[in-house]
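The residues making up each chain are set out below.
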Amino acid sequence: MTYVEDEIRRIRPRQFHESTGVADWRVVGEGACACFRARSFPDGARLAQAIGELPGTGPGRPDIDLRGDGVFVRVITLTDDFFGLTERDVELAREISAVARRLKATADPSAVQTVQVTVDALGGPAVVAFWRALLGYQDRAGSPEDLIDPNRRGGPFYFQELDRPRPQRNTVHVDVWVPYDQAEARIVAAIAAGGRLVSDAQAPGHWVLADPEGNEACVGVAGWTGPEPKSG
């Protein structure tokens with residue numbers, strides 16, 4: 001559902017994927033992201049500069065990570081009470097893709113992912129306060145259970161409150177957000193490497209895996225647009 005608040009039209013991840021002109025992009029856990037492969041570091045630097053000169057860019061919009069083999073870009077809207085996607089992000093993504101094509105940078109959607117650490121805790125607020133202080137993180141807009149790096153470089157932390165002790169399972173795990181069209185391949189690779197599927201009850205948005213010693217990890221996608229995946 002799209003709705004209007006303070007003249008910002010918020011959208012769901014699936015609406016982003018279904019928009020025209022954003023085939024280079026994938027919504028993962030932390031906004032819409034794209035990877036553009038450059039032929040050299042100077043070529044990547046030129047792309048980053050060209051993106052920075054686009055209308056609608058500014059502090060924190062977009063995030064650009066320049067690497068030796070390309071440029072990683074994230075678009076997301078940040079306000080005091082919102083951390084998500086809007087129609088303005090769709091437009092900016094289109095413009096960035098157009099600049100990348102002009103500079104002959106090739107999109108590589110398969111390279112996109114974000115990683116989040118999830119902590120299951122009995123005393124939620126006290127545990128969040130500890131990690132906030134330890135990491136130097138801050139609360140995500142509008143959420144008392146999410147911590148993010150104020151420099152937007154480190155992975156976020158998410159806290160799930162338990163209603164009883166759970167000694168039979170680990171209480172800290174990693175969430176790996178991948179493009180919706182890469183999830184099946186990533187899960188198959190993890191299982192082939194010795195892991196096992198714990199649950200696909202929430203597929204196609206979320207799968208729980210475990211390593212050979214039972215440590216759990218989750219694979220998540222945002223805005224699934226493909227066919228229903230096969231149950232494992």
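Preceding block: the structure.
Residues numbered from 1 in each chain as written. Predicted model: local features only at pLDDT ≥ 70, side-chain atom pairs only at ≥ 80, totals over all residues. Heavy atoms only, no water.

Talk me through the side chain of Asp-89; I want residue IDs and the actual numbers.
Among the secondary structure elements, Asp-89 is positioned in helix α3 (residues 87-102). Overall, Asp-89 belongs to the buried group, its relative accessible area being 0%. Filtering out sequence-adjacent residues up to four positions away, Asp-89 remains in contact with Phe-16, Arg-61, Val-75, Ile-76, Thr-77 and Gly-84. (Helix = DSSP H or I, 4+ residues; strand = E, 2+ residues; numbered from the N terminus. Buried < 20%, exposed > 50% of the residue type's maximum accessible area, 1.4 Å probe, protein only. Contact = heavy atoms within 4.5 Å.)

Which residues make up helix α2 (residues 41-52), and what values do they have?
Side chains of residues three or four places apart in an α-helix project in the same direction, reflecting 3.6 residues per turn. The first and last C-alpha atoms of α2 sit 17 Å apart over 12 residues, in line with the 16 Å expected at 1.5 Å per residue. Buried residues of α2: Asp-43, Gly-44, Leu-47, Ala-48, Ala-50 and Ile-51, and no others. Looking straight down α2, one finds that the buried residues subtend no more than 165 degrees of arc, so they occupy a single side. (Expected span 1.5 Å × (residues − 1). Arc of directions from axis to C-beta.)

How would you sum up the pairing of strand β4 (residues 31-37)? Please name residues and give values.
Along β4, six of the seven residues are buried, which leaves the element largely enclosed by surrounding structure. Two strands pair when backbone bridges link them, and strand β3 (residues 26-28) and β4 are joined in this way by three bridges, in the antiparallel orientation. Along β4, the bridge assignment pairs Val-28 with Gly-31. Where β3 folds back on β4, the antiparallel hairpin that results is connected by two residues. For β4 and strand β6 (residues 70-75), the ladder comprises six bridges, and the chain directions are antiparallel. Considered in β6, the bridge of Ala-32 is made with Val-75. Direction of pairing for β4 relative to strand β9 (residues 106-107): antiparallel, over a ladder of two bridges. Each bridged residue has a counterpart across the sheet, and for Phe-36 the counterpart in β9 is Ala-107. (Pairing = 2+ DSSP bridges.)

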